[in-house]
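Structure at a glance
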Amino acid sequence: MAATFGGRMPLLEHLREFRKRVVRSSILVLVASGIGWYLYNPIITSLARPVCDLAKAQASNATHCGALYISGVLGPLNLQIKVALLTGVIISAPLWLYQLWAFIAPGLHRKEKRNSIFFLLGATPFFAAGATLGYFILPVAIKVLFGFTPQALANLVRFDDYLDFVLRIILLFGLAFELPIFLIALNLAGFLSGKSILRAWRIWIFGIALFTAAFTPTGDPLTMGLLALPLCLFYFMAGGIALLVDRRRAKRALARESNI
């Protein structure tokens, strides 16, 4: 991002920068969606596993798979497009998150380039860990929600609605696990100190609990706890790392002053 005098940018430049980041993010999502389109069948087979064995149903030429079904003439095509796009969003998440970070912290391009590398390298494994955790708790979430079905009724679920639910959990857990990366990156960029991060720990804990209660699709205590506890741990870990970074930064500043 090209800054003007004093490190400030006019509104028009901000809008241009925002458009550039959005275009780059869209291209990344579309390219990654090609992977989702090509691997469509293995993806839906894996995602449907908590409800039914789709591979076995396909091999036996079954007309249905558990409680899942597809309706409408355009249903199969819409389902494949949706799976491809959502897969693209998830696969490319670390890259478009970096585009968001580069827009929020433009100074990284001039003074703190190593921070952008840290953000990209750190965002990928944390997002993958969160998405993996979301995938592994799917059977528990599905079992909890299906348990509310009355015994005398059959619960038939449209495949695209089911995939919306599944991919939303995976994306939610992946994005939530980016919290420590954003906090540490903001600390490295000089926007947040370790003390300011940890000073409001009660508010952070309450916010994490509120976030998990509002956005976890199931709302059951187990799923909420599996998301809230790692987030609380990551928050305090990020605060501790930020304190160490502040201490090293203060020592370097003191050393420079003593050399003058």
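What comes next is a walk through the structure. (Residues numbered from 1 in each chain as written. Predicted model: local features only at pLDDT ≥ 70, side-chain atom pairs only at ≥ 80, totals over all residues. Heavy atoms only, no water.)

Within the largest apolar cluster, 45 residues are counted, with the highest numbers of intra-cluster contacts made by L68, F159, Y162 and L163. Of all elements in the fold, only α2 (40-47), α4 (75-91), α6 (113-136), α7 (138-146), α8 (159-176), α9 (179-188) and α12 (221-259) reach the threshold of two or more residues within this core. Per element, the largest residue contribution to this core is 11 residues, and it comes from α8. What Y162 contacts, discounting residues up to four positions off in sequence, is L47, A48, P50, V51, L68, I142 and V157. (Core = buried A, V, L, I, M, F, W, Y, C linked by side-chain atoms within 4.5 Å. Buried < 20%, exposed > 50% of the residue type's maximum accessible area, 1.4 Å probe, protein only. Helix = DSSP H or I, 4+ residues; strand = E, 2+ residues; numbered from the N terminus. Contact = heavy atoms within 4.5 Å.)

Here we come to the pattern of salt bridges. Note on pairing: side chains with opposite charge can pair once their charged atoms come close. Going through the model one piece at a time under the given rule, you end up with one salt bridge. Between D246 and R249 there is a salt bridge, with its nearest N and O atoms 3.1 Å apart. Here D246 pairs with R249, and both are found in helix α12, just three residues apart, close to one helical turn. Taking relative accessible area as the criterion, D246 reaches 19% and is therefore assigned buried. On the basis of relative accessibility, which here comes to 29%, the residue R249 falls in the partly exposed class. (Salt bridge = Lys/Arg side-chain N within 4 Å of Asp/Glu carboxyl O.)

Following the criterion strictly, the structure yields five aromatic pairs and no others. Each ring, one from F177 and one from F234, has its centre 5.1 Å from the other, and the planes form 80 degrees; the classification is edge-to-face. Of this pair, F177 sits in the loop between α8 and α9 while F234 sits in helix α12, and the two are 57 residues apart along the sequence. Residue classification places F177 among the buried residues on the basis of a relative accessible area of 5%. With 5.2 Å between their ring centres and 25 degrees between their planes, W204 and Y235 make a pair best called stacked. (Phe/Tyr/Trp six-rings, centres within 6.5 Å; stacked < 30°, edge-to-face > 60°.)

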